[in-house]
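Descriptive analysis of the structure
Next come the chains, spelled out residue by residue.
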Amino acid sequence: MLDIKSLSASVDGKRILEGFDLKIKPGEVHAIMGPNGSGKSTLANVLTGKNGYEIKGQVLYQGKDLLNLPIEERAQKGLFLAFQYPLEIPGVNTNNFLKTSLNTIRKIKGLNELDSLDFLKLVKEKSQKLKIEEKILSRQLNVGFSGGEKKKNEILQMTILEPKFAILDETDSGLDIDALRIVSDGVNSLRNKNRSFLIITHYQRLLDYIKPDFVHVLVNGRIVKTGCSDLAQELEKDGYEGVATR
Amino acid sequence: MTNLKFEQFKKSNLKLKELDSIRVKNFKKFETKGFPTKKQEHWKYTDLKNIISRDFDELNIFSENKLSKINNNFLIKNFEHNQIILLNGNFIDSNFDLEDKKRISVKSLKDSFRIKKDFDEIKNFFEDDQNSLITLNNALTNDGVIFKIDDNYSFKKPLIIYNFFNKSSHNKIINNKVFLTLGSGSQLSLIDYYESEDNIKYFNNSIHNYSIKKNAILKKYNINNNLNKSYNYNSTKVKSYSNSVFENFLLSTGPNLIKNEVHCDLLESFSSCFINSIMLLKDEQHHELKTNVNHLYEDCKSSQLVKSVLLNSSNGTYQGKIYVDKNAQKTNGYQLSKALILSENSEFNSKPELEIYADDVKCSHGSTSGNIDENSIFYLMSRGLTKDQARKMIIKGFLNEVIETITDLNVKKLISELFIDNMNKTTL
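A few points on the structure. (Residues numbered from 1 in each chain as written. Chains lettered and ligands numbered in written order. Predicted model: local features only at pLDDT ≥ 70, side-chain atom pairs only at ≥ 80, totals over all residues.)

Residues and elements named next belong to chain B. Positive phi outside glycine occurs at N171, with the angle close to 65 degrees. For N171, the location among the structural elements is in the loop between β5 (159-165) and β6 (173-182). Its 13 C-beta neighbours within 10 Å are what place N171 among the partly exposed residues. Positioned with a positive phi, N312 is a non-glycine residue whose angle comes to about 50 degrees. Looking at where N312 falls in the secondary structure, it is placed in the loop between β15 (301-310) and β16 (315-324). The class for N312 is partly exposed, based on 15 C-beta atoms found within 10 Å. (Helix = DSSP H or I, 4+ residues; strand = E, 2+ residues; numbered from the N terminus. Buried ≥ 20, exposed ≤ 12 C-beta atoms within 10 Å, placed from the backbone.)

Now for the pairing of strand β9 (residues 217-224) of chain B. Residues and elements named next belong to chain B. Among the 8 residues that make up β9, 8 are buried, leaving the element largely enclosed by the rest of the structure. Residues I217, K219, Y221 and I223 point to one face of β9 and L218, K220, N222 and N224 to the other, with burial holding for every one of them. Pairing of strand β7 (residues 187-196) with β9, which is carried by 7 bridges, proceeds in the parallel orientation. Each residue of the ladder has a partner; that of S189, found in β9, is K219. As paired elements, β9 and strand β11 (residues 245-252) share 8 bridges and run parallel to each other. Counted as the bridge partner of N224 is S252 from β11. (Pairing = 2+ DSSP bridges.)

Here the focus is helix α6 (residues 132-140) of chain B. All names here are of chain B. In terms of burial, α6 is largely enclosed, as 9 of its 9 residues are buried. Where α6 is concerned, the buried positions are S132, L133, I134, T135, L136, N137, N138, A139 and L140. In the core, the buried residues of α6 are packed alongside α2 (17-33), β6, β8 (203-212) and β10 (231-240). (Contact = placed C-beta atoms within 7 Å.)

This part takes up the packing of α2 of chain B against α6 of chain B. Residue and element names in this part refer to chain B. The N-to-C vectors of α2 and α6 enclose an angle of 145 degrees; their axes lie 7 Å apart at closest approach. As for the relative orientation of α2 and α6, their crossing is left-handed in sense. Counted together, I22, R23, N26, F27, K29, F30 and K33 of α2 and S132, T135, L136, N138 and A139 of α6 form the full contact between these two elements. Residues of the contact of α2 with α6, tallied by class, amount to 5 nonpolar, 4 polar and 3 charged. (Axes fitted to C-alpha atoms, helices over the stretch in contact; angles between N-to-C directions. Left-handed = near helix turned anticlockwise from the far one by under 90°. Nonpolar A, V, L, I, M, F, W, Y, C, P; charged D, E, K, R; others polar.)

Our focus in this paragraph is helix α8 (residues 387-403) of chain B. Taking 1.5 Å per residue, 17 residues should reach 24 Å; α8 of chain B reaches 24 Å between its end C-alpha atoms and fits that length. Looking only at α8 of chain B, the buried set comprises A390, M393, I394, I395, K396, G397, F398, L399, N400, V402 and I403 of chain B. (Expected span 1.5 Å × (residues − 1).)

All right, on to the interface of chain A and chain B then. A common measure of how large an interface is: the accessible area buried when the components associate. Contact with chain A, which involves 19 residues of that partner, is made by 17 residues of chain B. Among the elements of the structure, α2 (71-76), β7 (89-93) and α3 (94-108) of chain A are those that each provide at least two residues to the side of chain A that touches chain B. Among the elements that take part in the side of chain A that touches chain B, α3 of chain A stands out by supplying 5 residues, more than any other. Residue composition of the side of chain A that touches chain B, grouped by class: 10 nonpolar, 7 polar and 2 charged.

Hydrogen bonds between backbone groups are what pair the strands of a sheet, and the pairing can be parallel or antiparallel. All names here are of chain A. Read from one edge to the other, the open sheet built from 4 strands follows the order β2-β1-β4-β5, with strand pairing classed as antiparallel. Either end of the sheet is taken by a strand with one partner, and the two such strands are β2 (14-24) and β5 (64-65). Relative to β5, strand β4 (residues 54-61) runs antiparallel, the two sharing 2 bridges. Bridged to L60 within β5 is D65. Against the sheet, helix α1 (residues 40-48) touches β1 (2-11), β2 and β4, its axis set at about 70 degrees to β2.

The structure is reproduced here in structure tokens:
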């Protein structure tokens, strides 16, 4: 699915990722944990195609070069990022945005575009699962949403767009315990043998709900330790420093 | 420019002696002042004199030997409405079949020139004014509408005043006036709709005077949507009485040049005035909105929301003044202007002004301008939208916030459709 080979990224001459390697196979769930400033969000941004980074190295996505693809083509080919800080877009109706996004991607896939009725049916079904109040979807995109509503809205977009590879950037931060469980259920319901996840988080708690196949510890722009889901519990106990230097 | 001489002027075929002398007096006054130049504070951002002397050669009372017919394709379809049709400023038709006609009086201004009793009612509005374009209009106005609505009459459907211009108006300066009196407790949605045939270049100097009586509600929509080569000055003066509401929405996207002025006097308690506008400008378009809200009595409310998007080499200006008289305690005044400047060659000027003489008031204003936030574009693109789609969606959303303020839902739907159509045709 994804093969990252000695990836380096810097902003204004400052190295953030340095010789980063990671291989994710179809159906796998990988978690990346690491201290503040270790490069977690940069990794998410670079994979999604955000401008402003000087990049070296290679990333293959489904066997093809990812880094030269424009942002929208990555999304159209099934890559999805659930934002750490979802943007507020004033005046843009949430449902209209979702519909435009879904139909753009469906068109590229050669599927027929959904009309308003079918679309609303789909949104209704998906939003109910995530316990999202339907009325917030007729509001402006993320404007006036609570922190939890914004994060749920990201997961809603993911369940509607059905990506092949999804990155969740600190989706758990700002969620209360109930919301965390609902969001995790949403993610777990999407897990299958063809779909992969990269979950970026600070806390082990999320990984109690979404069991990863691998946990990686990111320090100073590179993976210093890889293990199974038990690693997350060790981190919780001993801290990044304790685990990384062991 | 060859100015009209008084001798010629007197020879004009005028019927009412009193009007003749008013015209002459105003014309003399205009001659000393001339068209406004950038040296005048209120015209700092729009150099009208240059444009007029370059593009127009005749200053006269506009007249047509034979009134042409209007092209029905221009009429708005699938939208039930009453209509008044002005062609090149001349009143040619009206239709109020949807309303109780006994409660409404519609006359052409030209007709009132022939009847002393009618003319006496509006004569005060021809008094000389500081504004040279109004004196010009007083001297040369050819026609227009005098429109009165009884007390306690709510219109069933909106009224569209069609302002059409065809080739007869090419290279002409056309002056007209609209008078509206909305009786106590009455309600009207009025759409002032401008449209011209292709490639016609005219200067339309249109002066509106409204009186909104106690408890009445006037919702007024200026629609200048389709691209055209015209130059326009459109000044509206509103007198608002106790507990009345004046809502004005302006869609300013079509003409080559337009200066819209809205002056509203809040004369009695609990009257309110809301002016909201969209400017979407491209190529060499030059649009200006000037609002003057005068709080002259206590407990009145006003707000303005102006959003502008500037592309190519366009130029937009918003001058907004809120004046609060010393009697106008408990005033609530609000003003916000936001602009997206999307091209290095475009320009936006904003001049907010607060002049407050009362001590117990709540007034605020703000003005921002900038480009589209790159992070917002990234967010939308990460959901599969192209950069163009993302930018358009953000711009539409930015301007849509103003459309959302429209309280007449039928009109909102109409304007929303016109606007979306316009956006879809716009290349960013």
